[in-house]
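Structure assessment
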Amino acid sequence: MADTIHSPVALIVPRASPSPGILLLKRLWRERAVRTGAVIVGIVLLAALSAPVVSHLLGHGPMEQFEGTALDEMGLPIGPTLEFPLGADGNGRDVLVRTLYGAQVSLLVGVPATTIAMIIGTAIGLVSGFFAGRTDRIISQAIDVALSFPFVVTALSLLALNRGGTGQPIVPPMVVVITIIALFSWAYFARLARGLVLELRTSPMVEASRTIGASWARIIWFDILPNILPTVFVYWAVQLPANIVAEATLSFLGVGIQAPMPSWGNMIAEAQRTSLYQEQPWFLAGPGLALFLTVVGFNTLSAGLRNVLDPNRRRA
Amino acid sequence: MSVFSVDHLRVRFGGVQAVRGVSFGVESGRTLAIVGESGSGKSASLLGATGLLPGSASVEGNVLHRGQEILGLPDRDLRRLRGPQIGFVFQDPLSNLHPLKTIGDQIGEAISVHQRITRRQKHERVLALLDDVGIADPQARFSDYPRHLSGGMRQRVMIAIAIALDPGLIIADEPTTALDVTVQAAILDLLKRLQEEHGTALIFVSHDLAVVSDIADDVVVMRDGLVVEQAPADDIYLRPRQDYTRELLGAARLGGPKSYAVQRDRQATRPLLDVQAVARSFASRPVLDDVSFTIGEAEILGLVGESGSGKSTIGRLIAGLDRPNAGRISLKGRDYSQPGSGGVLPGDLRRSIQVVFQDPYASLNPRRRIEAILADPFVIHGTVDKAELREKVKQLVTDVELSHDVLERLPSQLSGGQRQRVAIARAIALRPSLIVADEPVSALDITTQAKVIRLLARLRDKLGVSFLFISHDLGVIGELCDRVIVLEKGQIVEVGQTQQVFERPAHAYTRRLLASIPGRKRPPAEAELEDVIYG
């Protein structure tokens, strides 16, 4: 079995480099998909951060209505002007400012929801994969059950329950949306982590730790977790755009982020419901393109990360 | 005129010059062996010459195929050459065969890619090829999938694909390295027979001079991307001119172990480990049946057998990574492994039995530095003081003859031999009384193998630790082990002093194993060769 490395790739692995962290960053940056994705995600982040600044510069709050200046004499929203760069919506609000605030909402919902799902899912997957046998069977069944719930129907019912006697939500809708999205995406992380752990738990690396008497906790913490995290992080970036779309879906259906608070989902819904996008296309195009750009950015980034971090896909 | 020749070939990957001006050629009906360690550029030069390297590699020089320059030809033309003119056989037949296609289809595809051929003709050609490469009952095997075949059969299928269009040249890159010794002998015979029948030129790449000794007409020895020595085989084996060739010859075990482990006083060693009538089966398929043996204190016991013989299972049972279905194992009179379930080894016994695994690339956590990996055994067993830990780890590194600067590195920044030394250091950290070494050198280069084996022997002398040394390589076993057990299909067929077993084998299977050791026809010419490496 000598000389198992056939591919000459082994030769180009840099040898004497000081920090693996810097090396990793360099390798990431050499991947074009990572660069492109990072730039697009950077733009989205910048947009979300710049929302209050732009709002201040233009003098338009995200929920302020300018019936005098933003609507014409027929009551229809005006198109792009210097004062309203992306025009106005049916209520005379600034589409650009609302789209930028929408980015904040998307990230504020998507990032925590995906992160919570990742932590819960990875923990459950670790337990399931590591303590195979009955534990694994029960958890796998639970994952299958969790995955068999239809997302929209379940989410609609849960959000409907969140109405008190006066019709006011009992818990802030944003928290409910985050919880629901997390509930619907942890199972994917659990499945992924379970598969990775199953492969690792019988590896020579883990058996070597067992023979020196390492405890389960130690093996999970030092041997398994660091070796599955890169893949899990990549999956986080894969799942995030899906969850941003999920938030937009719920808001579009009127059960997510509630008007007048801007979210891409409820902006698109409003443009579509009032058909005003036929008069003022940017009313629909602003949030629509922003959503598109965000999803493309994260998807490109995650594809690039996978190219670099996934040992099975490493190219020569 | 040469069928295939390269002239001043240079291959570069990014900033690394892998091949630095290499020239060789091969003629019809002749075999050229290219020998060198990993990283010597032997594979890179052949892949580069045939246009099989990724675009990121730059290849310069001249490559002539039947007098025609092929370096820099467009892919279309190269594809027409590969298959009909040049056949390839690689090391790992499993990863080179499509898992979801029958072997008949895959061999047939090799033909139909280049020729228009009717379905019936193709079927007949494939059957003839299967027969030609020595696969019994081709009709029945035609629709088998690769997973149905043994490693040797898969390699025969790869050879059938390579010779499907009767090419004038076959390039075989370590074609037997992943195979058992008896299978290796059969594959070498097959390649030789095919070559004689078809008058093919053969380029055979290997890290081991012993493997190519029976088949090579000419030998090219490579190191660090350069040709060290290039000569007819007789000259290389009988009159090597370069020190490096002598070193490789010294490490190669032509026709068997070069020397036997020094006989120790048998009366002095008391039994340490006792294995009694152990049996193990997986999914009702028996793997081990009624296996009993003992290991004495400070004894190195060899366990030899082919893949599937159950030798690794014995190692896992003794190491407490698995439980037997019947029988029991005891260490110093304490039973610790019986049928049942749950954790096997209690704490103090856990320290006494350690393991060195086959693949040092898989047994070291790639995300931890060597210092952390080696500190683990001490941390787990109660050492907390930072300075004391560091001292202990440094001592370990010294014990396995590594320099202290490896401590700061990650496993990926070490060579295979260094990694295996780290794995050995981890195993001796807790001063065990027994180390189970499962094929510890078979993933290493042949010169590295010799060094690691000497290290193990020295550690035994210094620490008084016993080894169960599992290997399929009889040469390694012969040089290291005091006694040897031969295992066939889960049963012990022969036990005895190593030299006695090797020189007067009693069982037919042992004789067959010994007869398969490559290099029988070229006994080591000069005793002085050994001094180069064992001096």
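It should be noted that the structure appears before, not after, this text.
Numbers given for residues are sequential positions, taken from 1 along each chain in its written order. By the order in which they are written, chains take letters starting at A while ligands take numbers starting at 1. Only residues with pLDDT of 70 or above have their local features reported here, since the model is predicted, and side-chain atom pairs are shown and tallied only from 80 upward, although totals for entire chains, interfaces and linings are computed over all residues. Excluded from the side-chain calculations are hydrogens and water; all other atoms, namely the structure's heavy atoms, are used.

1. Points about the packing of helix α9 (residues 216-252) of chain A against helix α10 (residues 264-274) of chain A
Residues and elements named next belong to chain A. Note the following rule: Here the axes come from fitting lines to C-alpha atoms, over the contacting stretch only for helices, and the angles between their N-to-C directions go from 0 to 180 degrees. Secondary structure elements follow DSSP: runs of H or I of four or more residues count as helices, runs of E of two or more count as strands, with numbering from the N terminus. For classification purposes, angles smaller than 35 degrees are called roughly parallel, those larger than 145 roughly antiparallel, those between 65 and 115 roughly perpendicular, and all remaining angles oblique. A clockwise turn of the near helix away from the far one marks a right-handed crossing, whereas an anticlockwise turn of less than a right angle marks a left-handed crossing. Note on definitions: a residue-residue contact is assigned when non-hydrogen atoms from the two residues lie within 4.5 Å. Residues are grouped as follows: Ala, Val, Leu, Ile, Met, Phe, Trp, Tyr, Cys and Pro are nonpolar; Asp, Glu, Lys and Arg are charged; all remaining types, including Gly, are polar.
Close contact between α9 and α10 brings their axes to 7 Å; oriented N to C, the two are set at 45°. As summarised for this structure, α9 and α10 are arranged oblique, according to the angle between their axes. Helix-helix and strand crossings are classified by hand; for α9 and α10 the assignment is right-handed. On α10, the residues that touch Ala248, Ser251 and Phe252 of α9 are Gly265, Asn266, Ile268, Ala269 and Gln272. Residues of the contact of α9 with α10, tallied by class, amount to four nonpolar, four polar and no charged.

2. Examining the sheet that holds strand β10 (residues 226-232) of chain B
Residues and elements named next belong to chain B. Let me state the cut-off plainly: The pairing criterion is simple: DSSP has to find at least two bridges between the two strands.
On the basis of which strands lie adjacent, the open sheet formed by six strands has the order β6-β7-β8-β3-β9-β10 and mixed pairing. The strands lining the two open edges of the sheet, one partner per strand, are β6 (86-89) and β10. When strand polarity is set aside, the average angle formed by the axes of neighbouring strands in this sheet is 15°. Here strand β3 (residues 31-35) pairs with strand β9 (residues 218-223) via four bridges, running parallel. Opposite isoleucine 34, over in β9, you have valine 220 as the bridge partner. Along the sheet face, helix α1 (residues 42-49) touches β3, β7 (169-173), β8 (201-206) and β9 and points at about 140° away from the line of β8. On top of the sheet, helix α8 (residues 181-198) reaches β3 and β8; it is set at about 160° to β8, its chief contact.

3. Focus: empty space enclosed by the protein
All names here are of chain B. Which entries qualify depends on this criterion: Buriedness for pockets is judged along seven lines, at least five of which must meet protein on both sides within 12 Å for an open set on the 1 Å grid over protein atoms alone, while cavities are sets there where a 1.4 Å probe fits but cannot get out, and lining residues have an atom within 4 Å of a point. Grid points are joined across faces, edges and corners, and a volume is the space filled by probe spheres set on the points. An automatic or database domain assignment provides the domain bounds reported here.
Counted according to the given criterion, the structure contains seven cavities of 30 Å³ or more. A volume near 380 Å³ is recorded for the largest cavity. Broken down by secondary-structure element, the contributors of at least two residues to the lining of the largest cavity are α8, α9 (209-212), α17 (446-463) and α18 (474-480). The element contributing the most residues to the lining of the largest cavity is α18, with three residues. Looking at the lining of the largest cavity, its residues break down into 13 nonpolar, 10 polar and five charged. When we break the lining of the largest cavity down by domain, the ones giving at least three residues each are domain 1 (1-85 + 167-227) and domain 3 (266-516).

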